[in-house]
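# Survey of secondary and tertiary structure
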Amino acid sequence: MLMKIAEFEKLFRLAAGLDVDKDDLKRLSDFLRNKIHDLLVVAERNAKYNARDIIFEPDLPITKGLQETIREFRQMDVALELKPVLDALAALPPLDLTVSEDMEKLLPEIAGALVVAYARVLKELDPALKNPQTQHHERAERVFNLLL
């Protein structure tokens with residue numbers, strides 16, 4: 001798992017007033033692992049285009065909205081650990097390039113921001129939602145797959 005259940009529950013409450021459980025955490029951990037990997041694959045392409053063998057933060061395809069969500073996440077007083085994020089990524093196909101140390105340190109904040117954005121997408125798709133179900137997660141994941 002990329003984060004503890006208490007961190008996960010707190011983020012969903014703060015971001016969108018949603019109640020989640022352990023089943024949601026498993027689903028979201030898989031989603032986060034895959035989305036972070038997707039971002040790193042594009043970052044790797046950008047680094048290669050610029051003839052570098054290390055991926056740096058500017059290589060990440062971070063949109064203005066995600067930048068703002070990262071700033072909001074930082075203010076939520078929820079710190080995610082780096083090791084679970086790296087462990088989760090290790091289970092995926094390896095990248096050709098190395099990720100810079102500064103970039104690695106940013107990964108938990110990106111994961112946290114993606115959780116915040118995901119919770120808000122769930123709430124946007126159904127403003128009356130209190131406890132997301134499978135169909136809500138599937139819709140939110142389809143939205144993210146279109147955009148990230």
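Okay, so let's go over this structure. These numbers were taken from a predicted model, which means no experiment stands behind them. (Residues numbered from 1 in each chain as written. Predicted model: local features only at pLDDT ≥ 70, side-chain atom pairs only at ≥ 80, totals over all residues. Heavy atoms only, no water.)

### Some points on the overall build of the protein
A tally of helices and strands in the protein yields six helices and two strands. Beginning at the N terminus, the succession of helices and strands in the protein can be written as α-α-β-α-α-β-α-α. Rg of the C-alpha trace for the protein: 15 Å, near the compact-globule value of 15 Å for 148 residues, within the 12% margin. When contacts within the protein are restricted to residue pairs at least 6 apart in sequence, long-range pairs at least 24 apart make up 71% of them. Accessible surface for the protein amounts to roughly 8200 Å². Of this, 52% is attributable to carbon and sulfur atoms. Measuring between centres, the 21 positive side-chain charges of the protein sit 3 Å from its 26 negative side-chain charges. (Helix = DSSP H or I, 4+ residues; strand = E, 2+ residues; numbered from the N terminus. Rg over C-alpha atoms; globule rule 2.2 N^0.38 Å. Contact = heavy atoms within 4.5 Å. Areas by Shrake-Rupley, 256 points an atom, 1.4 Å probe, with all protein chains shown as cover. Lys, Arg positive; Asp, Glu negative; His and termini not counted. Charge placed at Lys NZ, Arg CZ, Asp CG, Glu CD.)

### Remarks on the packing of helix α5 (residues 101–125) against helix α6 (residues 134–147)
Between α5 and α6, the shortest axis-to-axis distance is 9 Å and the interhelical angle comes to 115°. Relative to α6, the crossing made by α5 is right-handed. Here α5 contributes Leu114, Ala117, Tyr118, Val121, Leu122 and Leu125 to the contact with α6, which in turn contributes His136, His137, Arg139, Ala140, Glu141, Val143 and Phe144. Of the residues assigned to the contact of α5 with α6, the class counts are nine nonpolar, two polar and two charged. (Axes fitted to C-alpha atoms, helices over the stretch in contact; angles between N-to-C directions. Left-handed = near helix turned anticlockwise from the far one by under 90°. Nonpolar A, V, L, I, M, F, W, Y, C, P; charged D, E, K, R; others polar.)

### Looking at the pattern of salt bridges
Close approach of charged atoms lets side chains of opposite charge pair. Considering all chains together, one arrives at twelve salt bridges under this definition. Connected through shared salt-bridge partners, Lys26, Asp30 and Arg33 make up one network. (Salt bridge = Lys/Arg side-chain N within 4 Å of Asp/Glu carboxyl O.)

### As for the side chain of Lys123
With respect to the helices and strands, the residue Lys123 is situated in helix α5. In this structure Lys123 is buried but unpaired, with Asp126 as the nearest side chain of opposite charge at 7.3 Å. At 2.6 Å, the side chain of Lys123 and the backbone oxygen of Leu129 are in polar contact. Among all residues touching Lys123, those that are not within four sequence positions of it are Ala16, Leu18, Ala128, Leu129 and Lys130. (Buried < 20%, exposed > 50% of the residue type's maximum accessible area, 1.4 Å probe, protein only. Polar contact = N/O pair within 3.5 Å; in protein donor to acceptor, adjacent residues only side chain to side chain.)

### Side note on the side chain of Glu7
Here Glu7 shows up in helix α1 (residues 5–16). The charged side chain of Glu7 is buried without a salt bridge, its nearest counter-charge being Lys4 at 4.6 Å. Excluding residues within four positions of it along the chain, Glu7 makes contact with Val78, Ala79 and Leu80.

### Describing α5
Three or four residues apart is the spacing at which side chains of an α-helix point the same way, because the helix has 3.6 residues per turn. The end-to-end C-alpha distance of α5 is 36 Å, a good match for the 36 Å that 25 residues give at a rise of 1.5 Å each. The axis of α5 is deflected most strongly, by about 30°, at Leu107, and proline Pro108 appears within four residues downstream. (Expected span 1.5 Å × (residues − 1). Bend = angle between axes of the 7 residues up to and from the residue.)

### Examining the packing of aromatic side chains
Scanning the entire structure with this criterion turns up five aromatic pairs. Between the aromatic rings of Phe31 and Tyr118, the centroid separation amounts to 4.8 Å while the plane-to-plane angle is 50°, which identifies the pairing as tilted. Highlighted residues: Phe31 in helix α2 (residues 22–49) and Tyr118 in helix α5, separated in sequence by 87 residues. An identical accessibility class is assigned to Phe31 and Tyr118; each is buried. An aromatic cluster of at least three residues, connected via ring pairs, comprises Phe8, Phe12, Phe31, Tyr118 and Phe144. (Phe/Tyr/Trp six-rings, centres within 6.5 Å; stacked < 30°, edge-to-face > 60°.)

### A look at unusual backbone geometry
Across residues other than glycine, the phi torsion is negative in most instances, and most of the peptide bonds are trans. One non-glycine residue with positive phi stands out, namely Ala51, at about 60°. Structurally, Ala51 can be placed in the loop between α2 and β1 (54–55). Phi at Asp77 is positive, roughly 60°, even though this residue is not glycine. With respect to the helices and strands, Asp77 occurs in the loop between α3 (64–74) and α4 (82–90).

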